[in-house]
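Tertiary structure, described
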Amino acid sequence: MSKVKLFTENFLVYGFGGIIAKLIPLVMVPVVTRLMPDSTYFGLSDLSTTVVALASSLAIIGMYDAMFRMFFDKEDEGFQKDICSTALLFTLGTSIVVFVLMLLGRNWIARFFFGDRQYAYLVYITATATLVSATNSIISAPTRIQNKRTVFLVTNTVGPLLSYGVAIPLLLHGYYVIALPLALMISGVTMEAAFLVLNRKWFSPRRFNKKLLRQMLAIAVPLFPNFLIYWVFNSSDRLMITNVMSIAAAGIYSVGSKLGSASQLIYMAFAGGWQYFAFSTMKEENQVASNSKVFEYLGILSFAAFAFVCGFSYWIFKTLFVGEYVEGYIVAPYLFLAPLLQMLFQVACNQFIVIKKTWPNLFILSGGAALNIVLNLFLIPVLGIEGAAIASLIGYIVSVAVAVAVLYRMKLIVLSGRFLAACIAVAAYFIAWRMLFNNNTLLGAAFAALVTAFFLYLYRKELRWLLCRLTAKRKARQDG
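Residues numbered from 1 in each chain as written. Predicted model: local features only at pLDDT ≥ 70, side-chain atom pairs only at ≥ 80, totals over all residues. Heavy atoms only, no water.

1. A look at the overall build of the chain
How we decide: Only DSSP runs of H or I covering at least 4 residues are called helices, and only runs of E covering at least 2 are called strands; the numbering of each starts at the N terminus. When a residue's accessible area, from a 1.4 Å probe over protein chains only, is under 20% of the maximum for its type it is buried; when over 50% it is exposed; and in between it is partly exposed. We call two residues contacting when some pair of their heavy atoms lies within 4.5 Å.
Counting secondary structure elements, the chain contains 20 helices and 0 strands. Per-residue burial for the chain yields a buried fraction of 56% across its 480 residues. For the chain, contacts bridging at least 24 residues in sequence account for 84% of all contacts bridging at least 6.

Shown next, in the form of structure tokens:
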């Protein structure tokens, strides 16, 4: 299979699965917010998810990526089963430790993350969701490693449907605080049980291998801080908004981030298809050129989508939400682009993983995260929730720029002048949108179309090539 076909098929299939997984929660946000008395309850639910993300990272310690990386070292199935089994047993142990610590520290967690010790009971649900989330990441991994696309599509449909099937009745009966966290936990348990049945042949306690564990930890431990730093980028802003402003403000910010998280549709497509593509092609001679092209093309796709989100953000929020939630429109574009910059960072820094030097990721991300926190401290008191969004976006921009500069000096990435021109164009558009027409949908959409047309002109050669291939394939099918 050609590299273009391999990446495209994985991107499209996992993209469709990601669309299902993210589209259902996105569609349900207006429904859920109307069933809650005010934004405080939505903020609590989102903060619970934030804690799960942090605690799961602590429990996994980078083992998922190490497992994925080492799985492709040998074609021997016995070796691959040893990898999977060792990763699961290690993660199960660390997850139980984190689970117990969360229960013991429930009062502190409730006060620090949820603003009041009265929400200690919510920590029980959050801790269980953490245990399920961390172990499920390993148990479900063989499905992606083996590229079982149909299973991925089905599970990404069933999971969100089950979650909201539980949450809506709870909300209707007035269980506003626990409805979404409890539904997420129940859905996670169900999906984990299903994956355990599907992937049971890959896991056995008898196949635990201390030698392989040491090798995986050598890859995982340097990656572990990266996941904590990603949490700082993606979730710490909610915590800081809660402490500087209020849980209600965090709820409005969370709603704004839901439209922003629509970019996860692209990111999920990338994440699902990328790891299989990246590690299965890492030994090819033109790997650097291929990786660089993927970086550029995903960057252009991200910039075009971002431009249109800017243009339509106000109209979408005015149409879907009422009252205080409409204020979230201003942060949505920032939070839409941020995950896409994370995607570009991972594409670039995959080169470090390929050569088994993961420590540069840590230093680069640490600098971006530190900048994010410092900017939050200054911008949130002045600009409110938009200040938090600005801080996150700037942190990612700096991280990507530094990573690309380092890899360029190492001759592990090559970027064209037209990509730099595209970066300048989208930056100019965004500044104009924010300063002049952020609530004018007509002007925003018109200028977004102009920016996209400029991108198409820059990459007209690739577009012609793609159209020629599609035309040739269509003609071949007709002749056949």
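That covers the picture; the talk isn't over yet.
2. Overview of the environment of Ala-218
Residue placement: Ala-218 occurs in helix α10 (residues 210-234). Through-space distance from the C-alpha of Ala-218 to that of Met-63 is 10.0 Å; in sequence the pair is 155 residues apart.

3. Focus on the packing of helix α6 (residues 120-139) against helix α9 (residues 179-198)
Going by this rule: For every element, the axis is a line fit to its C-alpha atoms; helices are fit only across the contacting stretch, and the angle between N-to-C directions ranges from 0 to 180 degrees. An angle below 35 degrees is read as roughly parallel, one above 145 as roughly antiparallel, one from 65 to 115 as roughly perpendicular, and any other as oblique. When the near helix sits turned anticlockwise from the far one by under a right angle, the crossing is termed left-handed; a clockwise turn instead gives a right-handed crossing. Under the grouping applied here, Gly and all other residues not named as nonpolar or charged are polar, the nonpolar ones being Ala, Val, Leu, Ile, Met, Phe, Trp, Tyr, Cys and Pro and the charged ones Asp, Glu, Lys and Arg.
At a closest axis distance of 9 Å, the pairing of α6 and α9 adopts a crossing angle of 25°. It follows from the interaxial angle that α6 and α9 lie roughly parallel. The chirality of how α6 crosses α9 is left-handed. Taking contact as the criterion, the partners of Leu-122, Ile-125, Thr-128, Ala-129, Val-132, Thr-135, Asn-136 and Ile-139 in α6 are, on α9, Pro-181, Leu-182, Met-185, Gly-188, Val-189, Met-191, Glu-192, Phe-195 and Leu-196. Of the residues in the contact of α6 with α9, the class split is 12 nonpolar, 4 polar and 1 charged.

4. Structural notes on the packing of aromatic side chains
Note on aromatic pairs: each is described by the distance of the centres and the angle between the planes. What counts, and what does not: What counts as a ring pair is set by centres within 6.5 Å for rings of Phe, Tyr and Trp (its six-membered ring), and what kind of pair is set by the plane angle: stacked under 30 degrees, edge-to-face over 60, tilted for all other angles. For a Lys NZ or an Arg CZ to count as sitting over a ring, it must be within 6 Å of the ring centre and within 35 degrees of the ring normal.
Evaluation of the coordinates by the stated rule reveals 16 aromatic pairs. With a centroid separation of 5.3 Å and an interplanar angle of 50°, the aromatic rings of Tyr-41 and Tyr-176 are classed as tilted. One end of the pair, Tyr-41, is in helix α2 (residues 39-60); the other, Tyr-176, is in the loop between α8 (149-172) and α9, and 135 residues separate them in sequence. For Tyr-41, a relative accessible area of 23% gives the class partly exposed. According to the relative accessible area criterion, Tyr-176 is partly exposed, its value standing at 23%. Look at Phe-317 and Phe-321: their rings are 5.2 Å apart centre to centre, the planes differ by 35°, and that puts the pair in the tilted class. Among the aromatic residues, those joined into a ring-pair cluster are Phe-295, Phe-303, Phe-419 and Phe-455. Sitting above the plane of the Tyr-457 ring, Arg-460 keeps its charged end 4.1 Å from the centroid.

5. Section: the pattern of salt bridges
Keep this limit in mind: Salt bridges, as used here, are contacts in which a Lys or Arg side-chain nitrogen is within 4 Å of a carboxyl oxygen on Asp or Glu.
Scanning all chains against the criterion turns up 4 salt bridges. A salt bridge links Asp-82 to Arg-207; its shortest N-O distance comes to 2.7 Å. One end of the pair, Asp-82, is in helix α4 (residues 77-104); the other, Arg-207, is in the loop between α9 and α10, and 125 residues separate them in sequence. Since its relative accessible area comes to 30%, Arg-207 is described here as partly exposed. Residue Asp-237 is joined to Arg-238 by a salt bridge in which the shortest nitrogen-to-oxygen separation is 3.4 Å. As far as burial versus exposure is concerned, Asp-237 and Arg-238 are alike and both buried. Each of Asp-46, Asp-237 and Arg-238 takes part in salt bridges that share partners, so that together they form one network.

6. Quick look at helix α16 (residues 359-383)
Short version of the rule: To estimate how far a helix should extend, the number of its residues minus one is multiplied by 1.5 Å. Bend is computed residue by residue as the angle between axes fitted to the seven residues ending at the residue and the seven residues starting at it.
Between its terminal C-alpha atoms α16 stretches 35 Å, which fits the 36 Å expected from 25 residues at 1.5 Å a residue. Of all the bends in α16, the largest measures some 35° and sits at Asn-376. Taken as a whole, α16 has its buried residues at Pro-360, Asn-361, Ile-364, Leu-365, Gly-368, Ala-369, Asn-372, Leu-375, Asn-376, Leu-379 and Ile-380. Phi for Gly-384, located one or two positions after α16, is positive at around 70°.

7. What about the nonpolar core?
Counted only if it meets this: Throughout, nonpolar core names a set of buried Ala, Val, Leu, Ile, Met, Phe, Trp, Tyr and Cys residues whose side chains join them through atoms within 4.5 Å.
Of all hydrophobic cores here, the largest spans 149 residues; its most connected members are Met-63, Phe-114, Phe-295 and Phe-455. Tallying contributions element by element places helix α15 (residues 332-354) first for this core, with 15 residues. When sequence neighbours within four positions are dropped, the list of residues in contact with Met-63 reads Ala-87, Phe-90, Thr-91, Ile-138, Leu-213, Met-216, Leu-217 and Ala-220.

8. Some words on the side chain of Thr-94
Our working rule: Any N or O atom pair separated by 3.5 Å or less is treated as a polar contact, with the protein-specific requirement of one donor-capable and one acceptor-capable atom, and with residues adjacent in sequence counted only for side-chain atom pairs.
Counting through the fold element by element, Thr-94 comes out in helix α4. At 2.5 Å, the side chain of Thr-94 forms a polar contact with the backbone oxygen of Ala-59. Within the local environment of Thr-94, its side chain forms a polar contact with the backbone oxygen of Thr-91, the two atoms lying 2.9 Å apart. Beyond its immediate stretch of four places on either side in the chain, Thr-94 contacts Ala-59 and Ile-61.

9. Here we look at the packing of helix α3 (residues 63-71) against α4
Orientation of α3 relative to α4, taken along the N-to-C sense of each, is 175°, at an axis distance of 10 Å. Taken together, the axes of α3 and α4 are roughly antiparallel relative to one another. Taking contact as the criterion, the partners of Met-63, Met-67, Met-70 and Phe-71 in α3 are, on α4, Phe-79, Gln-80, Ile-83, Cys-84, Ala-87, Phe-90 and Thr-91. Tallied by class, residues from the contact of α3 with α4 come to 9 nonpolar, 2 polar and no charged.

10. Topic: unusual backbone geometry
Positive phi, normally seen in glycine, also occurs at Ile-61, with a value near 55°. As for its placement among the helices and strands, Ile-61 is situated in the loop between α2 and α3. Exposure remark for Ile-61: the relative accessible area of 18% places this residue in the buried category.

11. Observations regarding helix α5 (residues 106-114)
Note the cut-off: Note that the arc is computed from the directions linking the helix axis to the C-beta atoms.
Residues of α5 that are buried: Ile-109, Ala-110, Phe-113 and Phe-114. End-on view of α5: buried residues confined to an arc of 100°, all on one side of the axis. A positive backbone phi angle near 85° is found at Gly-115, which sits one or two residues after α5.

12. Quick notes on the confidence of the model for the chain
Convention followed: What pLDDT reports is the predictor's confidence in each residue, on a scale of 0 through 100.
When pLDDT is averaged across the chain, the result is 82; 84% of the residues are at 70 or more. Predicted confidence is poor over residues 278-282, with pLDDT under 50, and the contacts of this stretch with residues over four places away or in other chains come to 13 contacts.

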